[in-house]
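Breakdown of the fold
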Amino acid sequence: MMHVSLRQLRTFEAVARLRSFSRAAEELHVTQPTVSKQIRLLCDEIGLALLEQIGKKVFLTEAGEHLYATCGDWLETWGRFEQTIADMKGVKKGRLRIASVTTTKYFMPRLLGPFCAQYPGIDIALEVINRDRLLERLARNQDDIYVMGVPPDGMNIECEPFLENSLVVLAPSSHRLTTLGRTVRFAELAQEHFLVRERGSGTRLTMERLFEEHGVRPNIRMELGSNEAIKQAVAGGLGLAILSDSTIGEDHLNHQVCVLDVEGFPIRRSWYLVRSKEKRVSVVAATFLEFLKSHVNLLGHPAKEVQQAV
Ligand code: PGA
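Residues numbered from 1 in each chain as written. Predicted model: local features only at pLDDT ≥ 70, side-chain atom pairs only at ≥ 80, totals over all residues. Heavy atoms only, no water.

Looking at an unreviewed UniProt entry, one finds the chain named Transcriptional regulator, LysR family, with Thiomonas intermedia as its source organism. On record in UniProt, under Sequence similarities (unreviewed entry), the comment for the chain is "Belongs to the LysR transcriptional regulatory family." (UniProt positions renumbered as here; feature names shortened; annotations may be inferred.)

Structure (structure tokens):
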């Protein structure tokens with residue numbers, strides 16, 4: 001019988017999924033040598049190579065593919081067992097895994113603070129990633145709760161709107177469209193340069209769908225991987241951007257950026273709490289969902305009537 005530890009399997013699963021030792025180390029909060037050591041021990045125990053590294057790329061060997069296909073299920077089953085035990089020992093204790101899209105970083109940590117203070121026995125692992133990476137995790141059933149603006153179609157999930165999420169058009173304060181003295185028509189936007197998030201981002205997807213609906217193509221000047229970088233680029237006069245109003249702080253970047261008055265905007269949407277129907281709701285997850293719904297007014301804009309994502 002092989003002596004394989006859960007720790008080795010967790011490490012292997014992360015490297016195989018992320019195809020990277022360094023990203024796996026980051027996700028597991030350990031050093032890269034620790035990841036390499038766990039993989040080496042696992043390969044020694046199994047007696048075959050599981051991964052191949054060519055240059056910086058990591059590939060799975062045939063044995064690695066077989067192990068990857070099975071270890072997801074084992075880890076999921078073990079996670080359920082751990083949570084059942086935690087539920088049996090005392091209700092509000094255990095680990096809560098949340099995956100949340102990038103843009104929610106402006107409010108999720110503010111909700112987690114009071115939650116952790118109220119339930120010190122609950123240990124939270126929060127993944128902040130873009131929509132595409134979040135959907136991969138959802139498909140693999142890796143987390144208890146997902147927070148996103150554009151829930152996917154065709155997955156066995158339950159979605160609940162819980163917070164308003166309006167999309168606005170940002171422009172440099174000195175932009176000529178800010179001085180028109182009237183609402184800007186959508187067709188006028190099409191002539192402007194846009195700064196957009198990377199492919200795979202929910203914000204990008206929503207923006208593309210919106211332009212498609214109006215039958216116009218956005219004039220994309222630059223793709224940037226973060227909302228903050230986009231706001232800085234708008235402030236620098238590189239173009240306009242369509243972003244969630246959650247990204248706008250009080251200071252509007254010292255008044256260098258403003259929200260344009262555009263026909264059809266703000267687009268009122270919601271942030272959704274999403275969970276897989278295939279996963280049992282643990283006591284910890286149920287506690288968190290209840291907490292969020294009752295504390296969302298801390299942030300000021302609970303979802304009222306829900307307008308489906310564009
Ligand atoms: P994003 O997602 O942070 O990946 O752009 C935002 C959203 O889903 O609305």
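On we go.
Looking only at helices and strands, one finds eleven helices and eleven strands in the chain. Referenced to the eigenvectors of the C-alpha coordinate spread, the extents of the chain come out at roughly 75 × 50 × 35 Å. The contacts of the chain with a sequence gap of at least 6 include a subset with a gap of at least 24, amounting to 76%. Carbon and sulfur atoms form 51% of the exposed surface of the chain, whose accessible area is close to 15,900 Å². (Helix = DSSP H or I, 4+ residues; strand = E, 2+ residues; numbered from the N terminus. Contact = heavy atoms within 4.5 Å. Areas by Shrake-Rupley, 256 points an atom, 1.4 Å probe, with all protein chains shown as cover.)

Contact geometry for helix α2 (residues 21-28) and helix α3 (residues 32-46): axes closest at 8 Å, N-to-C directions at 105 degrees. With respect to α3, the axis of α2 lies roughly perpendicular. Between α2, through Phe21, Ser22, Ala24 and Ala25, and α3, the contact on the second element is made entirely by Gln32, Val35, Ser36 and Ile39. When grouped by side-chain class, the residues that make up the contact of α2 with α3 number five nonpolar, three polar and no charged. (Axes fitted to C-alpha atoms, helices over the stretch in contact; angles between N-to-C directions. Parallel < 35°, antiparallel > 145°, perpendicular 65-115°, else oblique. Nonpolar A, V, L, I, M, F, W, Y, C, P; charged D, E, K, R; others polar.)

With that out of the way, let us pick up the nonpolar core. By size, the foremost hydrophobic cluster in this structure holds 34 residues, and its most contacted members are Leu96, Phe162 and Phe288. If you list the elements that add at least two residues to this core, you get β3 (94-101), α5 (108-118), β4 (122-129), α6 (131-139), β5 (145-148), β6 (157-172), β11 (267-276) and α11 (283-295). Sort the elements by how many residues they give to this core and α11 lands first, with six residues. With residues up to four places along the chain from it excluded, the contact list for leucine 96 reads Phe115, Ile122, Asp123, Ile124, Ala125, Asp144, Ile145, Val284, Ala285 and Phe288. (Core = buried A, V, L, I, M, F, W, Y, C linked by side-chain atoms within 4.5 Å. Buried < 20%, exposed > 50% of the residue type's maximum accessible area, 1.4 Å probe, protein only.)

Right, let's get into the packing of α5 against α11. Remark: α5 packs on α11, axes separated minimally by 11 Å, with the N-to-C direction vectors making an angle of 120 degrees. By the angle class used here, α5 and α11 are oblique. Where α5 crosses over α11, the two elements pack in a sense that is right-handed. Between α5 and α11, the residues in contact are Met108, Leu111, Leu112, Pro114, Phe115 and Gln118 and Thr287, Phe288, Phe291, Leu292 and His295, respectively. In the contact of α5 with α11, the residues fall into eight nonpolar, three polar and no charged. (Left-handed = near helix turned anticlockwise from the far one by under 90°.)

The next thing to look at is the site of the ligand. As a structural note, the neighbourhood of the ligand is formed by 13 residues, with Thr103, Gly149, Ser201, Gly202 and Thr203 the closest of them. Glycine 149 has a polar backbone atom sitting 3.1 Å from an oxygen atom of the ligand. The protein chains hide 99% of the 280 Å² of surface that the ligand would expose on its own. Contributions of two or more residues to the shell around the ligand are made by α8 (202-213) and β11. Here the shell around the ligand spans two domains, since at least three of its residues come from each of domain 2 (71-161 + 268-297) and domain 3 (165-267). (Near = heavy atom within 4 Å. Polar contact = N/O pair within 3.5 Å; in protein donor to acceptor, adjacent residues only side chain to side chain. Domains from an automatic or database assignment.)

Below, the discussion takes up the domain arrangement of the chain. Segmenting the chain into domains produces domain 1 (4-69), domain 2 (71-161 + 268-297) and domain 3 (165-267). Put simply, the middle of domain 1 and the middle of domain 3, counted by C-alpha atoms, are 41 Å apart.

A few words on the pattern of salt bridges. Applying the stated criterion across every chain, the model contains 17 salt bridges. Across the pair glutamate 208 and arginine 199 runs a salt bridge, and its minimum N-O distance is 3.4 Å. Assessed through its relative accessible area of 26%, glutamate 208 is described here as partly exposed. When salt bridges that share partners are traced, they join Glu13, Arg17, Glu27, Arg137, Arg140 and Asp143 into one network. (Salt bridge = Lys/Arg side-chain N within 4 Å of Asp/Glu carboxyl O.)

So, about the side chain of serine 20. In this structure, serine 20 sits in the loop between α1 (6-18) and α2. Owing to a relative accessible area of 13%, serine 20 belongs among the buried residues under this scheme. Of note is the side chain of serine 20, whose polar atom sits 3.2 Å from the side chain of serine 22. Apart from the residues within four sequence positions on either side, serine 20 is in contact with Val15 and Val58.

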